[in-house]
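A closer look at the structure
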Amino acid sequence: MSQTVDRALSILPLLAEGPADLGQVADRLGVHKSTALRLLRTLHEHGLVYRQSDQRYRLGARLFALAQEAMENLDVREIAHPHLARLNTACGHTVHLAVFEEGEVLYIDKVESRYPVRMYSRIGKPVAITVAAVAKLLLADLPEPERRALADKLDYPLYTARSTPNAEAFLRELAKVREQGWATDLGGHEESINCVAAPIRGADGRVVAAMSVSAPNVVVTADELLTLLPQVRRTADAISGEYSGRTPIKEAGTR
């Protein structure tokens, strides 16, 4: 049974490359045409593949509908929170999760620092979009025309001497962030607060959220906070793997 399921599922990535006839499917699977036909008929009955008028098979509409439904029901906050909590336990600093919605970058989760000196932030509150590390990651992933259009219409408040001063500087920063795959805010919003952030990506590689670790200078210096970057990136990668379905789920009793 497991071999049959494995063979049937192996047909789907083949058809993702383009329509294929019965012989091509059989050759790819290394089975007789009669076996391949039985598998294709079963997938066809469930709407996962479709037989064209030229007798070639392609992926079926039901497969795309299931994928869309699954994506719509994914809750990145629910998936991310245990990972954020573990990172907070390990480092002790404030951990945030943010998304880009309707022109704003919003915090959707927060795990508070264990230190008495903390930064002020609130779930549901927009971040300072021109300086926040999470905002840079989310906006850097936009197509270039969208990035430029957004940058041109933003205001650039000078919160501190390190704030992003204008659209040109902002676009340069986004290009840098896009290339390196992580971002910082080192006193750009508040002189005493530093932040490092990493992206969370979906199955298509696009950035769906961003997470960060923030701490005040009186707790750790900017250089000390930057040493956490590998840990932050590993956490973001773990969330990305689970969110996109790349990370296998372990069954109870397995190691």
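Computed from a prediction, not measured in an experiment: that's the story for all the values here.

Further remarks concern the overall build of the chain. On a plain count of helices and strands, the chain comes out with ten helices and seven strands. In terms of overall dimensions, the chain is more spread out than a globule: its C-alpha atoms have a radius of gyration of 23 Å, far above the 18 Å expected for 255 residues. Taken over the C-alpha atoms alone, the chain extends approximately 70 × 50 × 25 Å along its principal axes. Sequence separation of at least 24 residues holds for 55% of the intrachain contacts in the chain that already meet a minimum separation of 6.

Turning our attention to helix H3 (residues 33-45). Under the 1.5 Å per step criterion, the end-to-end length of H3 is 18 Å for 13 residues, consistent within 8% with the ideal 18 Å. Within the sequence span of H3, burial applies to Thr35, Ala36, Leu39, Leu40 and Leu43. Relative to the axis of H3, the buried residues are bounded by an arc of 130° and lie together on one face. The exposed residues of H3 that point more than 90 degrees off its buried face are Arg38, Arg41 and Glu45. In this structure, the buried residues of H3 make contact with helix H1 (2-16), helix H2 (22-29), strand E1 (49-51) and strand E2 (57-59). Of the residues trailing H3, glycine 47 is marked for its positive phi of about 75°.

Taken in spatial order, the five strands of this open sheet run E4-E3-E7-E6-E5, and their pairing is antiparallel. Of all strands in the sheet, those with a lone pairing partner are strand E4 (104-111) and strand E5 (183-186), marking the two edges. If you compare each strand with its neighbour and ignore which way they point, the axes differ by 25° on average. Taken together, the seven bridges between strand E3 (residues 94-101) and E4 define a ladder with antiparallel strand orientation. The residue bridging alanine 98 from the neighbouring strand is tyrosine 107, located in E4. Contacts from helix H5 (residues 76-91) reach E3, E4, strand E6 (193-201) and strand E7 (207-216) within the one sheet, and its direction differs from that of E4 by about 55°. Packing against the sheet, helix H10 (residues 229-244) makes contact with E6 and E7, and its axis sits at approximately 30° to E6.

Right, let's talk about the nonpolar core for a bit. Core analysis: the biggest nonpolar cluster contains 28 residues, and Val105, Val127, Val134, Leu139 and Phe170 have the highest contact counts within it. Broken down by secondary-structure element, the contributors of at least two residues to this core are E4, helix H6 (133-140), helix H7 (144-153), helix H8 (167-180), E6 and E7. The contact partners of valine 134, leaving out residues within four places of it in the chain, are Ala98, Val105, Tyr107, Val127, Ala197, Ala210, Met211 and Ser212.

In the numbering used here, UniProt assigns the "domain: HTH iclR-type" (unreviewed entry) feature to residues 2-61. Within residues 2-61, the helical portion is 62% and the strand portion 10%, while the C-alpha atoms at the span's ends are 25 Å from each other.

To continue, consider the packing of H1 against H2. Each pair of packed helices can be summarised by the angle the axes make with each other and by the distance between the axes. Close contact between H1 and H2 brings their axes to 10 Å; oriented N to C, the two are set at 120°. By the criterion of interaxial angle, the relationship of H1 to H2 is oblique. For the pair H1 and H2, the sense of crossing is right-handed. Side by side, H1 and H2 meet where Arg7, Ser10, Ile11 and Leu14 of the first sit next to Gln24, Val25, Arg28 and Leu29 of the second. Taken together, the residues of the contact of H1 with H2 sort by class into four nonpolar, two polar and two charged.

Taken N-terminus to C-terminus, the directions of H6 and H8 make an angle of 80°; their axes are 9 Å apart at the nearest point. Relative to H8, the element H6 lies roughly perpendicular. Counted together, Lys136, Leu137, Leu139 and Ala140 of H6 and Phe170, Glu173, Leu174, Val177 and Arg178 of H8 form the full contact between these two elements.

Glancing now at the pairing of E5. Pairing of E5 with E6 involves four bridges; the strand directions are antiparallel. Following the sheet pairing, leucine 186 is matched in E6 by asparagine 194. Linkage of E5 to E6, two consecutive antiparallel strands, is achieved through a turn of six residues, within which glycine 187 is found at a positive phi near 75°.

On to the pattern of salt bridges, then. Taken as a whole and assessed by the stated rule, the structure comprises nine salt bridges. Between aspartate 54 and arginine 56 there is a salt bridge whose closest N-O contact spans 2.9 Å. The salt bridge partner of arginine 77 is aspartate 109, with a shortest N-O separation of 3.3 Å. Taken as a pair, arginine 77 in helix H5 and aspartate 109 in strand E4 lie far apart in primary sequence, 32 residues in all. Salt bridges linked by common partners bring Asp141, Arg201 and Arg206 together as one network.

Reading guide: rules and limits
Residues numbered from 1 in each chain as written. Predicted model: local features only at pLDDT ≥ 70, side-chain atom pairs only at ≥ 80, totals over all residues. Heavy atoms only, no water. Helix = DSSP H or I, 4+ residues; strand = E, 2+ residues; numbered from the N terminus. Rg over C-alpha atoms; globule rule 2.2 N^0.38 Å. Contact = heavy atoms within 4.5 Å. Expected span 1.5 Å × (residues − 1). Buried < 20%, exposed > 50% of the residue type's maximum accessible area, 1.4 Å probe, protein only. Arc of directions from axis to C-beta. Pairing = 2+ DSSP bridges. Axes fitted to C-alpha atoms, helices over the stretch in contact; angles between N-to-C directions. Core = buried A, V, L, I, M, F, W, Y, C linked by side-chain atoms within 4.5 Å. UniProt positions renumbered as here; feature names shortened; annotations may be inferred. Parallel < 35°, antiparallel > 145°, perpendicular 65-115°, else oblique. Left-handed = near helix turned anticlockwise from the far one by under 90°. Nonpolar A, V, L, I, M, F, W, Y, C, P; charged D, E, K, R; others polar. Salt bridge = Lys/Arg side-chain N within 4 Å of Asp/Glu carboxyl O.

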